[in-house]
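Chain by chain, the residues:
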Amino acid sequence: MKSLFTADLVRFRRSPGLWAAGLLALGFSLTTLFSWYHANQVFIDLGDTDRVLHLEEFLFSYANYLSYLIAGFSALYLGTEFSSGGVRNKIARGIPRTRVYLSQIAAVVLGGIAVCISTPTVSLIVGLPLYGPPRVGAPVILLTLMGTILTSLALSTLFTAIVTAMGGGAAAVIPCAALALAGQLAASQIKLYLLRCEQLSGTDTRWYGLCRLLYDLLPAGQLAQYAALEVTGFLSMAGWALALAVLSTAAGLLLFRRQELR
């Protein structure tokens, strides 16, 4: 397993999808940092300090788009593995399918973790001289970082299962991107409902509780909360993310074991 993972790690570092996902996340975060710095100066000159943003509000802004980045990376990376015959050759050499599949998951998970760690780190380093230190404590930032990593784990296993089920074809990027979009749209609608309920009296607490549960369950809902540094429901969201990762891994592995490779 170690030699298999080492070989996958070499291909992982050379993957165009990984570098594209990382550069997109960094580009978005850094562009937002610099553009809002000038906007902040205008707001300060106008005396409208309520609209001034601070460094912590930029550290995890990429989280709202993390599902798309992982979807694209998993489809590109795994698609190359299947189309080049790498997966078939590993199995032909006698490597158990379980090890092959877990090595694929590990590569996609590492890609998500790399984006989750590198993007806020670079944003923090670049943003410190522009905005000053964050106003929130280190525990909040660390919990948010851990939360984005756990959610990226869930998304990585989910998209790996989808791409594998489709044989690694180029068309696999379509259902992955569609699922990411559907999740984000659903999370945004649930958030609007929750905000209306919190502003109105006489709300049906049963529907509110159900929507709150769904918002914490959906990976897109988790990422939206982490983007806003909302970590009050961290334990609940972390539990749902781990549960999705386990279920996706089990389902994907079951499909892969029965899949006929061409």
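Caption draft 1: Inspection of the overall build of the protein at higher detail. If you tally the helices and strands in the protein, you get eleven helices and zero strands. The helix and strand sequence of the protein, counted from the amino end, reads α-α-α-α-α-α-α-α-α-α-α. For the protein, the residues scored as buried account for 43% of the 262 residues in total. Summarising the internal contacts of the protein: among those between residues at least 6 apart in sequence, 79% fall at separations of at least 24. Of the roughly 13300 Å² of accessible surface on the protein, 69% is carried by carbon and sulfur atoms.

Caption draft 2: Fine view of the nonpolar core. In this structure, Leu-66, Val-115 and Phe-159 are the most contacted members of the largest nonpolar core, which totals 34 residues. Contributing elements (two or more residues each) for this core: helix H2 (16-46), helix H3 (56-59), helix H4 (66-83), helix H6 (97-131), helix H7 (138-165), helix H8 (173-199) and helix H10 (219-227). Looking at this core element by element, the count peaks at eight residues for H4. Setting aside residues up to four positions removed in sequence, Val-115 forms contacts with Ala-21, Gly-22, Ala-25, Tyr-62, Leu-66, Leu-69 and Pro-120. By size, the runner-up hydrophobic cluster in this structure holds ten residues, among which are Phe-82, Ile-105, Val-109 and Leu-253.

Caption draft 3: Representation of H6 within the structure. Between the first and last C-alpha of H6 there are 50 Å, a value that for 35 residues agrees with the 51 Å anticipated at 1.5 Å per step. Considering bend angle alone, the principal kink of H6 is centred on Ile-125 and spans about 30°; proline Pro-129 follows within four residues of it. Within two residues after H6, Gly-132 carries a phi angle of roughly 85°, on the positive side.

Caption draft 4: Representation of the pattern of salt bridges within the structure. Counted by the stated rule, this structure contains two salt bridges. Arg-135 is paired through a salt bridge with Glu-56; the nearest N and O atoms lie 2.9 Å apart. A residue pair is termed long-range when its members are at least 10 positions apart, and Arg-135 in the loop between H6 and H7 and Glu-56 in helix H3 qualify at 79 residues. Arg-135 gets classed as exposed once you look at its relative accessible area, which sits at 59%. In this structure, the salt-bridge partner of Asp-216 is Arg-212, at a minimum N-O distance of 3.2 Å. With Asp-216 and Arg-212 both in helix H9 (residues 205-217) and four residues apart, the pair spans about one turn of that helix. Judged by relative accessible area, Asp-216 falls into the buried class, the value being 10%. Judged by relative accessible area, which is 23%, Arg-212 ranks as partly exposed.

Caption draft 5: Main features of H4. The first and last C-alpha atoms of H4 sit 25 Å apart over 18 residues, in line with the 26 Å expected at 1.5 Å per residue. Counting buried residues along H4, 14 of its 18 residues qualify, which places the element largely inside the surrounding structure. Gly-85, located one to two residues past H4, shows a positive phi value of around 85°.

Caption draft 6: Seen up close, the packing of H6 against helix H11 (residues 234-258). Packing of H6 against H11 leaves a shortest axis separation of 10 Å and a crossing angle of 135°. The angle between H6 and H11 falls in the class oblique. At the point where H6 passes H11, the crossing takes the right-handed sense. Where H6 approaches H11, its residues Arg-97, Thr-98, Val-100, Tyr-101, Leu-102 and Ile-105 are matched on the opposing element by Ser-248, Thr-249, Gly-252, Leu-253, Phe-256 and Arg-257. In terms of residue class, the contact of H6 with H11 is built from six nonpolar, four polar and two charged.

Caption draft 7: The side chain of Ser-61, seen in detail. Mapped onto the fold, Ser-61 is located in the loop between H3 and H4. Within the structure, the side chain of Ser-61 is placed 3.1 Å from the backbone oxygen of Phe-58, a separation counted as a polar contact. If we skip the residues at most four places from it in the chain, Ser-61 touches Phe-28 and Ser-29.

Caption draft 8: Spotlight on a nonpolar patch on the surface. A contiguous nonpolar patch, built from Trp-207, Leu-210, Leu-213, Leu-214, Leu-217 and Trp-240 and spanning about 530 Å² of accessible area, is present on the exposed surface. Ranked by residues supplied to the nonpolar patch, first place goes to H9 with five residues. Mapped onto the secondary structure, Trp-240 falls in helix H11.

Caption draft 9: Representation of the packing of H7 against H8 within the structure. Where H7 meets H8, the closest approach of the two axes is 9 Å, and the angle between their N-to-C directions is 145°. Note that H7 runs across H8; the crossing there is right-handed. The residues of H8 that touch H7, namely those facing Leu-158, Phe-159, Ile-162 and Val-163, are Pro-175, Cys-176, Leu-179 and Ala-180. Classifying every residue of the contact of H7 with H8 gives eight nonpolar, no polar and no charged.

Cut-offs applied
- Positions within a chain are numbered from 1, following the residues in the order the chain's sequence is written.
- Selection of residues for local features in this predicted model requires a pLDDT of at least 70, selection of side-chain atom pairs for listing and counting requires 80 or more, and totals for whole chains, interfaces and linings are taken over all residues.
- The basis for every side-chain value is the complete set of heavy atoms in the structure, and neither hydrogens nor water enter the calculation.
- Strands are runs of DSSP state E lasting at least two residues, helices are runs of H or I lasting at least four, and both sets are numbered from the N terminus onward.
- Burial classes: relative accessible area under 20% of the type maximum marks a residue as buried, over 50% as exposed, and values in between as partly exposed (1.4 Å probe, protein chains only).
- In what follows, a contact means two residues having at least one pair of non-hydrogen atoms within 4.5 Å.
- Computed with the Shrake-Rupley method and a 1.4 Å probe, the accessible areas treat only the protein chains shown as cover for residues.
- Each nonpolar core is a collection of buried residues, namely Ala, Val, Leu, Ile, Met, Phe, Trp, Tyr and Cys, held together in the definition by side-chain atoms within 4.5 Å.
- An expected span of 1.5 Å times one less than the residue number is assigned to each helix.
- Note on bend: at a given residue it equals the angle between the axes fitted to the 7 residues ending there and to the 7 starting there.
- Here, a salt bridge means any Lys or Arg side-chain nitrogen found within 4 Å of an Asp or Glu carboxyl oxygen.
- To obtain each axis, a line is fitted to C-alpha atoms, and for helices this fit is confined to the stretch in contact; angles are then taken between N-to-C directions over 0 to 180 degrees.
- These descriptions rest on fixed angle ranges, namely under 35 degrees for roughly parallel, over 145 for roughly antiparallel, 65 to 115 for roughly perpendicular, and the rest for oblique.
- By definition, any crossing whose near helix is turned counterclockwise from its far helix by less than a right angle is left-handed, and any crossing with a clockwise turn is right-handed.
- Gly counts as polar in this scheme, as do all residues outside two lists: the nonpolar Ala, Val, Leu, Ile, Met, Phe, Trp, Tyr, Cys and Pro, and the charged Asp, Glu, Lys and Arg.
- In protein, a polar contact means a hydrogen-donor-capable atom and an acceptor-capable atom, both N or O and within 3.5 Å, with residues adjacent in sequence counting only if both atoms are side-chain atoms; elsewhere, any N or O pair within 3.5 Å suffices.
- What makes a patch is a set of residues exposed beyond 30% relative accessible area and free of salt bridges, joined within 9 Å when like-charged and within 5 Å when nonpolar (Val, Leu, Ile, Met, Phe, Trp, Tyr).

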